[in-house]
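# Survey of secondary and tertiary structure
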Amino acid sequence: MNQKIVLITGCSSGIGLALAVRIAKDEKKRFIVYATMRNLGKAEALVEAAGRTLGRTLVIKQLDVCNEDSIKACVASLPDGKLDILISNAGMGLVGPIECQSMEEMKAVMDTNFFGLVRLLKEILPDMKKRKSGHIVVISSVMGIQGILFNDIYAASKFAVEGFCESMAVQAMRFNLNISLIEPGPVVTEFEHKVYEEGMKTDLSKADKVTADMFTNIYMKNFKQIYESLGQTPEDIAEHTHKIITMDNPPFRHQTNTLYTPMTTLKYADPSGDLPIDTFYKMVFEHDKVFNASLNFLKLLRWRTRKSFAIDKDKSNS
Ligand SMILES: NC(=O)C1=CN([C@@H]2O[C@H](COP(=O)(O)OP(=O)(O)OC[C@H]3O[C@@H](n4cnc5c(N)ncnc54)[C@H](OP(=O)(O)O)[C@@H]3O)[C@@H](O)[C@H]2O)C=CC1
Ligand SMILES: CC1=C(/C=C/C(C)=C/C=C/C(C)=C/C=O)C(C)(C)CCC1
């Protein structure tokens, strides 16, 4: 059987872990998954979830997306040094007012979320081009298309990813390569806990009172509720991504959360860009009045884009 080689980054927890297990457990055994993580000391959860697939359709390797040597060594250790599908998932969040964040913290986010992808592609693209075959799947975010209050640097890193991939997509097409951006809304993983814990520890002494109050009493106060009401599971994201990699013509963009779609649609509905900003402003500053109403409104507005509908309905490839 001609099994496809899949390399996934950031598999120690969350979406990466769920992806590795879902794809390794593919019903038709179409894939060999190289599930990578920067610290192999964190492999226990994946080993447990992988079960019988470990050493069969799932292999665990070290890879740090911020370290070129580690990427080169990992790719060189693959059979014939080749891979068919890259899933760039490793990433980190950062919330808070920028005046309270150090340049080092901000650079770490860009280095991981954006340059991590660039480093991976520099390594694997030449061979994919030579073979005129390959699929690059990137776990982006709805924040790759729409900024959210106090996520300035994180959203910028995901916008960078999207701009990079959009530019790259035309060249990729010339070589018969596919690129797909997966755009989840909130997903309940370590990411949520890390961002919340770090957010709560923010030293707000450099922020003015209005900003500090907005961050503490609006953003952080409602953070958990957003994840509780809109959050998907990492397994949901893995299921969507599994569908994307088994499609004949995978889409360039795919949002996983139909509850969130109305928010991102606001951006396309108004070329001036004011509609989403005004709407977020109302959600934030009139949130006592409209916050719960807004969430209910999102639920009422729940609708499916043609693409996600097609994916939900596409049972033929699974
Ligand atoms: N959770 C959410 O709400 C959403 C998440 N996303 C995106 O999904 C992706 C996965 O996040 P999620 O599963 O939620 O969060 P987790 O924190 O659970 O997982 C992040 C993974 O990335 C790894 N990682 C971080 N830095 C590096 C690095 N330098 N090299 C290799 N691996 C690294 C972490 O490893 P380690 O354990 O060593 O830190 C961990 O395995 C991210 O790109 C994130 O931006 C998108 C939309 C929503
Ligand atoms: C908490 C909060 C908000 C929304 C937060 C959201 C929607 C977070 C999404 C996180 C994602 C998608 C992370 C990963 O990529 C609002 C609406 C601004 C109102 C104020 C409080």
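Residues numbered from 1 in each chain as written. Chains lettered and ligands numbered in written order. Predicted model: local features only at pLDDT ≥ 70, side-chain atom pairs only at ≥ 80, totals over all residues. Heavy atoms only, no water.

## Focus: the domain arrangement of the protein
According to the domain assignment, the protein contains domain 1 (4–214 + 229–257 + 305–313) and domain 2 (259–302). Look at where the C-alpha atoms of domain 1 and domain 2 centre, and you get two points 26 Å apart. Listed by partner, the interface residues are 14 residues for domain 1 and 14 residues for domain 2. In total, about 1300 Å² of surface goes out of reach between domain 1 and domain 2, with carbon and sulfur atoms giving 64% of it. In terms of surface lost to domain 2, no three residues of domain 1 exceed Q146, L230 and N257, which account for 41% of the buried area on that side. On inspection of domain 1 and its partner domain 2, the count reaches zero salt bridges. Across the contact surface, domain 1 and domain 2 share six residue pairs in polar contact (both at pLDDT 80 or more). With three residues, the single largest contributor to the side of domain 1 that touches domain 2 is helix α7 (residues 209–230). (Domains from an automatic or database assignment. Contact = heavy atoms within 4.5 Å. Buried area = accessible area lost by both parts, 1.4 Å probe. Salt bridge = Lys/Arg side-chain N within 4 Å of Asp/Glu carboxyl O. Polar contact = N/O pair within 3.5 Å; in protein donor to acceptor, adjacent residues only side chain to side chain. Helix = DSSP H or I, 4+ residues; strand = E, 2+ residues; numbered from the N terminus.)

## A closer look at the pairing of strand β1 (residues 4–8)
For β1, the buried fraction is high: four of the five residues fall into the buried class. Here β1 pairs with strand β2 (residues 31–37) via five bridges, running parallel. Bridge pairing in β2 places K4 opposite F31. Handedness of the β-α-β unit built from β1, helix α1 (residues 14–24) and β2 comes out right-handed. As judged from the three bridges shared by β1 and strand β4 (residues 85–88), these two strands associate in the parallel manner. (Buried < 20%, exposed > 50% of the residue type's maximum accessible area, 1.4 Å probe, protein only. Pairing = 2+ DSSP bridges. Right-handed = clockwise from strand over helix to strand, strands pointing away.)

## Topic: unusual backbone geometry
Unusually for a residue other than glycine, K29 sits at a positive phi of about 50 degrees. Relative to the helices and strands, K29 resides in the loop between α1 and β2. A positive phi angle, close to 65 degrees, is found at N176, a residue other than glycine. Position of N176 among the secondary structure elements: in the loop between α5 (152–174) and β6 (178–183).

## Observations concerning the pattern of salt bridges
Counted by the stated rule, this structure contains eleven salt bridges. Here R22 makes a salt bridge to E239, at a shortest N to O gap of 2.9 Å. With R22 in helix α1 and E239 in helix α8 (residues 234–245), this pair connects stretches of sequence that are 217 residues apart. The partner of E123 in a salt bridge is K72, with the nearest N and O atoms 3.3 Å apart. You can see E123 sitting in helix α4 (residues 103–131) and its partner K72 sitting in helix α3 (residues 68–76), a full 51 residues away along the chain. We classify K72 as partly exposed; its relative accessible area is 39%.

## Describing the site of ligand 1
In the region of ligand 1, 30 residues are neighbours, and S12, N89, Y154, T189 and K194 sit closest. The contact in question runs from a nitrogen atom of ligand 1 to an N or O atom on the backbone of V65, over 3.0 Å. At a separation of 2.8 Å, an oxygen atom of ligand 1 approaches a polar backbone atom of V187. When ligand 1 is considered free in solution it has 890 Å² of accessible area, and contact with the protein chains removes 97% of it. Mapped onto the shell around ligand 1, the elements with two or more residues apiece are α1, α5 and α6 (190–200). Considering every element that reaches the shell around ligand 1, the biggest residue donor is α6, with three residues. Tallied by class, residues from the shell around ligand 1 come to 13 nonpolar, eleven polar and six charged. (Near = heavy atom within 4 Å. Areas by Shrake-Rupley, 256 points an atom, 1.4 Å probe, with all protein chains shown as cover. Nonpolar A, V, L, I, M, F, W, Y, C, P; charged D, E, K, R; others polar.)

## Description of the pairing of strand β3 (residues 58–62)
As defined by bridge partners, β2 adjoins β3 across five bridges and the pair is classed as parallel. If you follow M37 over to β3, its bridge partner there is Q62.

## Focus: the packing of helix α9 (residues 261–269) against helix α10 (residues 274–285)
Relative to each other, α9 and α10 sit at 140 degrees, their axes nearing to 7 Å. On the basis of the axis angle, α9 is oblique to α10. Across the interface between the two elements, M263, L266, K267 and A269 of α9 pack against L275, P276, T279, F280 and M283 of α10. In terms of residue class, the contact of α9 with α10 is made up of seven nonpolar, one polar and one charged. (Axes fitted to C-alpha atoms, helices over the stretch in contact; angles between N-to-C directions. Parallel < 35°, antiparallel > 145°, perpendicular 65-115°, else oblique.)

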